[in-house]
Amino acid sequence: MAKQPMLKFVSVSRDMPEKRGADARNQDFDEIYAEFAAAKAEEQASRCSQCGVPYCQSHCPLHNNIPDWLRLTATGRLEEAYQVSQATNTFPEICGRICPQDRLCEGNCVIEQSGHGTVTIGAVEKYITDTAWENGWVKPVTPALERKESVGVIGAGPGGLAAADMLRRAGVQVTVYDRYDRGGGLLTYGIPGFKLEKDVVMRRMEQLEKSGVSFVMNCNVGDDITFAEIREKHDRVIIATGVYKTRELTQDGAGAQGIVRAIDYLTASNKVSNFGDTVAEFDSGELNAKGKKVVVVGGGDTAMDCVRTAIRQGAESVKCLYRRDRANMPGSQREVQNAEEEGVEFVWLSNPLDFAGEPVKQLTIQKMRLGAPDASGRQSPELIEGSDYVEEADLVIKALGFEPEDLPTLWDQPELAVTRWGTIRAEFGTGKTSLDGVYAIGDIVRGASLVVWAIRDGRDCAAALLEDLNMKAAVAAE
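Here's what I pulled together on the structure shown here.

How each quantity is defined
Along each chain, numbering runs from 1 in the same order as the chain's sequence is written. This being a predicted model, a pLDDT of at least 70 is required before a residue's local features are given, and a value of 80 or more before pairs of side-chain atoms are given or counted; all residues contribute to the totals for chains, interfaces and linings. In computing side-chain values, all of the structure's heavy atoms are included and hydrogens and water are not. Numbering of helices and strands runs from the N terminus, with a helix taken as a DSSP run of H or I at least four residues long and a strand as a DSSP run of E at least two residues long. Our radius of gyration is a C-alpha quantity, and the globule rule it is checked against amounts to 2.2 Å times the number of residues to the power 0.38. Burial classification: accessible surface area is computed with a 1.4 Å probe over protein chains only, and a residue below 20% of its type maximum counts as buried, one above 50% as exposed, and the rest as partly exposed. Throughout, a residue-residue contact means that at least one pair of heavy atoms, one from each residue, lies within 4.5 Å. Methods summary: accessible areas were calculated by the Shrake-Rupley approach with a probe of 1.4 Å, and residue burial reflects only the protein chains presented. Charge convention: Lys and Arg are scored as positive, Asp and Glu as negative, and His as well as the terminal groups of each chain are ignored. By convention, the charge on Lys lies at NZ, on Arg at CZ, on Asp at CG and on Glu at CD. When DSSP finds two or more bridges between two strands, those strands count as paired. Lines fitted to the C-alpha atoms define the axes, with helices restricted to the stretch that makes contact. Angles between their N-to-C directions range from 0 to 180 degrees. Here the expected span of a helix is defined as 1.5 Å times the quantity of residues minus one. By the criterion applied in these results, polar contacts are pairs of N or O atoms within 3.5 Å in which, for protein atoms, one can donate a hydrogen and the other can accept it, and in which residues neighboring in sequence qualify only through two side-chain atoms. Any Phe, Tyr or Trp ring, taking Trp's six-membered ring, that has another such ring centre within 6.5 Å forms a pair; planes under 30 degrees apart are called stacked, those over 60 apart edge-to-face, and the others tilted. A positively charged side chain is recorded as over a ring if its NZ (Lys) or CZ (Arg) lies within 6 Å of the ring centre. The angle to the ring normal must also be within 35 degrees.

### A closer look at the overall build of the chain
Phase 1 of the analysis: Along the backbone of the chain there are 19 helices and 16 strands.
Phase 2 of the analysis: Taking 478 residues into account, the globule formula puts the C-alpha radius of gyration at 23 Å, and the chain, at 23 Å, falls close to it.
Phase 3 of the analysis: With respect to the three principal axes, the spread of C-alpha positions in the chain is 75 × 65 × 50 Å.
Phase 4 of the analysis: Relative to its 478 residues, the chain shows a buried fraction of 54%.
Phase 5 of the analysis: Looking at the chain alone, contacts between residues at least 24 apart form 70% of all its contacts between residues at least 6 apart.
Phase 6 of the analysis: Summed over all atoms, the accessible surface of the chain reaches about 20,800 Å², with 48% contributed by carbon and sulfur.
Phase 7 of the analysis: Averaging the locations of the 54 positively and 71 negatively charged side chains of the chain gives two centres separated by 4 Å.

Here you go:
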């Protein structure tokens, strides 16, 4: 009788790839987790219970066929595992690194619910695709038939790139426009290298270029080219700009020098640490935490990226202020743990009252408590009177989240319908907007969200767009 390769969760414990020690990893911007070896990947994949109803798959925005590629990995069939993985996910090696698996697939794993410890889905996903790259299984797209239709994609982030990939596979001519000098969007300039090394993103960019996707970089739509000109050039247009407008601090003194936006801080750090670029604001110290007392305001994943970056830049101290407690923090608990290990101090139930100095030298902090739950069960922070105290700070980083830019005004497109939050109003599942032939996907529709949702939107939009093109071609043929 053949040996059962799966359901080993009772006899085999959960095991993550080895994590480098905090004292070593906080000296560089390399990824903090080692790779699984083949035997370890097979061992951990074999813990999967092969559920009849796989909650890991249903709670993945891409509905990845996770049990299938875990079984293939457990039995050493890695090339097939990669093919199954990439059938539903354009960038599995990226999701394996940065998805909050603890809130999605792994957090809903059946054996996790039964107390045996979740399958390490993200680490195996990363291993499969990195192995595929090493063995040459990842190849440029070669469409069976080239089509004459052209699509312009505004934004080279994960959503735009996922749509571009799917459209090229169908033979559509694709041009991607982006404001930055490199593609990838926040994958390149927003997420630090210790979570996602940049060669992982750049090799995907190279693959897409070899697949025939054209890129127009350093192109700010509305300034370097108008939206109307892009519509004129292409049969269809996809808006995938993301959301980059920072939520601002409104307290007294919040405009002082030394109080900076998280996106500016992270972009400068990524350019310098990952690409060796020269950034004047970094060299001047404006966007460099070295030797400074740093305070980061916010509790999401962007705040975690900022505090961990500041540690690596050699800050004297790094504190994170969040107005709720740890249990109500929106960022990944895994990231909080990593930050604490690296020397970040979290100041829970705290909020800035005002800032003093030019440049900033200190801030007054108010202590908070959580009030009674509202109808949704969420507790709002309440001020504790007389609890104020002063904290020194040379650099304050605003990581309060992102909002959409006013695209109808910036692009002179008043007919482009938006929601009351300023996001583009788009049809669910297709991305169709109020403008004929124009689609929108990702954060510019959802608001600030996860990379995996942007990929899902890009793939769904590409499928809907292709259906529209095919219907148009069929009508023309008749």
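Now, onward.
### What about the sheet that holds strand β16 (residues 438-440)?
Phase 1 of the analysis: The strand order across the open sheet built from 5 strands is β3-β2-β1-β4-β16, with neighbouring strands paired in parallel fashion. A single partner strand is all that each edge strand has here, and the edge strands are β3 (214-216) and β16. If you compare each strand with its neighbour and ignore which way they point, the axes differ by 20° on average.
Phase 2 of the analysis: When strand β1 (residues 150-154) meets strand β4 (residues 236-239), the two strands line up parallel, connected through 4 bridges. Paired with valine 151 across the two strands is arginine 236, which belongs to β4.
Phase 3 of the analysis: The strands that helix α19 (residues 451-477) touches are β1, β4 and β16; relative to β4, the one it contacts most, it runs at about 170°.

### What to know about helix α15 (residues 301-312)
Each full turn of the α-helix corresponds to 3.6 residues, which orients residues three or four apart in the same direction.
Phase 1 of the analysis: Across its 12 residues, α15 extends 17 Å between first and last C-alpha, which sits within 8% of the 16 Å expected from 1.5 Å per residue.
Phase 2 of the analysis: Buried within α15 are the following residues: Ala303, Met304, Asp305, Cys306, Val307, Arg308, Thr309, Ala310, Ile311 and Arg312.
Phase 3 of the analysis: Phi for glycine 314, located one or two positions after α15, is positive at around 90°.

### Description of the sheet that holds strand β9 (residues 345-348)
In sheet architecture, strand pairing relies on hydrogen bonds along the backbone and comes in two forms, parallel and antiparallel.
Phase 1 of the analysis: Read from one edge of the open sheet, 5 strands run β6-β14-β7-β8-β9, paired in parallel fashion. Bordering the open sheet on either side are β6 (259-261) and β9, each of which pairs with just one other strand. Averaged over all neighbouring strand pairs, the angle between strand axes comes to 25°, with direction disregarded.
Phase 2 of the analysis: Where strand β7 (residues 293-297) and strand β14 (residues 395-398) come together, 4 bridges link them in parallel fashion. Each bridged residue has a counterpart across the sheet, and for valine 294 the counterpart in β14 is leucine 395.
Phase 3 of the analysis: Its contacts with the sheet put helix α13 (residues 262-275) on β6 and β14, and the angle it makes with β6 is roughly 75°.

### As for the side chain of arginine 308
Phase 1 of the analysis: Note that arginine 308 resides in helix α15.
Phase 2 of the analysis: Within polar-contact distance, the side chain of arginine 308 engages the side chain of glutamate 342 at 2.9 Å.

### So, the side chain of glutamate 31
Phase 1 of the analysis: Among the secondary structure elements, glutamate 31 is positioned in the loop between α1 (22-25) and α2 (38-45).
Phase 2 of the analysis: The class for glutamate 31 is buried, based on a relative accessible area of 10%.
Phase 3 of the analysis: A polar side-chain atom of glutamate 31 sits 3.3 Å from a polar atom in the side chain of lysine 126.
Phase 4 of the analysis: Once residues within four sequence positions are removed from consideration, glutamate 31 is found in contact with Arg20, Arg97, Lys126, Gly193, Phe194, Lys195, Leu196, Glu197 and Val200.

### What about the packing of aromatic side chains?
Phase 1 of the analysis: Evaluated as defined, the whole model comprises 6 aromatic pairs.
Phase 2 of the analysis: An aromatic cluster is defined as three or more aromatic residues linked by ring pairs; in this entry it consists of Tyr180, Tyr189, Tyr244 and Phe275.
Phase 3 of the analysis: Above the ring of phenylalanine 275, the side-chain terminus of arginine 182 is found at 3.9 Å from the ring centroid.
Phase 4 of the analysis: Stacked on the ring of tyrosine 189, the Lys or Arg lysine 271 has its end atom at 5.3 Å from the ring centre.

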